Amino acid sequence: MRICKADGCFVQPKGYSSYCERHKRTLARHGHPHQKGIKKSELKPYIKDIETYLTTSSASNAVATLNDIWFRTVRRAQNHINSSSDGVPFNVHTMNASKAIVSLSKEVDSIIICKVLMAMGFWYEFNQRQWKHDEGFRFQTVRMLLRLNPREAAYQWSMHGMTRSVYREVPPKTTKALWSIINETKLVGFGMEIAKRKVEDLNERQRLFDKERAAVLGQAMIEPRETV
Ligand SMILES: [Zn+2]
């Protein structure tokens, strides 16, 4: 009997698929059969880290530079869309990715977009155990970006009368096309670099503390008590 290709799953796949229905869906949606969808609230602390860095350590033209980077990305996406009306052949997934970028830029401030991408990079570097699957990370980064756009979300009433957001399923190939646009901005990499610096800073503080502790307490403290 064939079993699902996902680690630890013994469900029989249907038809020609290598994965069971559940893992097939998770792979398409999250980029890896074991990748969990992340929440905005989980990203929040890392956005704070980025904001702190921007106000305390970045150069004074950092915000203007981020604006330029995003503006350039949107312009490229818009040119791509325009070229399709000139009869240039296009791939439907890269076209939808370009449309998503232009649509997002009309709804959301570019600095917020840049901060989200940098915060994802920060999170990846700062909490590596949480990101075991690179493709999963890429998909989550794309989803976080798309979720900034209110037009991507439709709202439904749940049984208890509370609103629940339902996101349009993005085809995996469109997600990959979006990731390649994101990757070109280098913003995720900047976020990773900021996280590395934070870790170095924390280690430096710890070394200083250890040194002071050893000086103040002396060595006697760790010697075992003499037994009588
Ligand atoms: Zn499975």
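Provided above is the structure to which this section pertains.
Below or above, wherever it landed, is the structure these notes cover.

Definitions and cut-offs
Residues numbered from 1 in each chain as written. Predicted model: local features only at pLDDT ≥ 70, side-chain atom pairs only at ≥ 80, totals over all residues. Heavy atoms only, no water. Donors = N, O, S within 2.8 Å, 3.2 Å for Na, K, Ca; no water. Helix = DSSP H or I, 4+ residues; strand = E, 2+ residues; numbered from the N terminus. Buried < 20%, exposed > 50% of the residue type's maximum accessible area, 1.4 Å probe, protein only. Expected span 1.5 Å × (residues − 1). Contact = heavy atoms within 4.5 Å. Polar contact = N/O pair within 3.5 Å; in protein donor to acceptor, adjacent residues only side chain to side chain. Phe/Tyr/Trp six-rings, centres within 6.5 Å; stacked < 30°, edge-to-face > 60°.

Turning next to the coordination of the zinc ion. Octahedral metals with six donors have ideal donor angles of 90 or 180 degrees. Tetrahedral metals with four donors have an ideal donor angle of 109.5 degrees. At 2.0 to 2.3 Å from the zinc ion lie its protein donor atoms, namely Cys4 (SG), Cys9 (SG), Cys20 (SG) and His23 (ND1). Linear spacing of the donor residues for the zinc ion on their chain is C-x4-C-x10-C-x2-H. With cysteine 4 in the segment before α1 (21–30) and cysteine 20 in the segment before α1, this residue pair connects regions lying 16 residues apart in the sequence. By the burial criterion, cysteine 4 is buried, and cysteine 20 matches it.

Next up on the list: unusual backbone geometry. Negative phi is the rule for most residues except glycine; trans is the rule for most peptide bonds. Not every positive phi belongs to a glycine, and lysine 186 is a case in point at roughly 70°. With respect to the helices, strands and loops of the structure, lysine 186 is situated in the loop between α7 (172–185) and α8 (187–217).

The next subject is helix α4 (residues 92–107). Here α4 is 16 residues long and its end C-alpha atoms lie 23 Å apart, about the 22 Å a rise of 1.5 Å per residue gives. On its buried face, α4 is in contact with α3 (62–85), α5 (110–126), α6 (134–147) and α7. Where α4 begins, the side chain of asparagine 91 points an oxygen toward the backbone nitrogen of histidine 93, at a separation of 2.7 Å.

As a further point, take the packing of aromatic side chains. The geometry of an aromatic ring pair is captured by two quantities: the separation of the ring centres and the angle between the planes. Evaluated as defined, the whole model comprises seven aromatic pairs. Ring centres of tryptophan 131 and phenylalanine 137 lie 5.2 Å apart, and the angle between their planes is 80°; on these two criteria the pair is classed as edge-to-face. You'll find tryptophan 131 and phenylalanine 137 in the same group, each marked buried. Among the aromatic residues, those joined into a ring-pair cluster are Tyr46, Phe122, Trp123, Tyr124, Phe126, Trp131, Phe137 and Trp179.

For threonine 73, the location among the structural elements is in helix α3. Within the structure, the side chain of threonine 73 is placed 2.8 Å from the backbone oxygen of isoleucine 69, a separation counted as a polar contact. Setting aside chain neighbours within four positions, we find threonine 73 in contact with Ile101, Ile181 and Thr185.

Looking at the secondary structure, you find lysine 5 in the segment before α1. For lysine 5, a relative accessible area of 57% corresponds to the exposed category. Placed 19 residues apart in sequence, lysine 5 and lysine 24 show a C-alpha to C-alpha distance of 9.6 Å. Ignoring any residue separated from it by four or fewer positions in sequence, one finds lysine 5 in contact with Ser18 and Tyr19.

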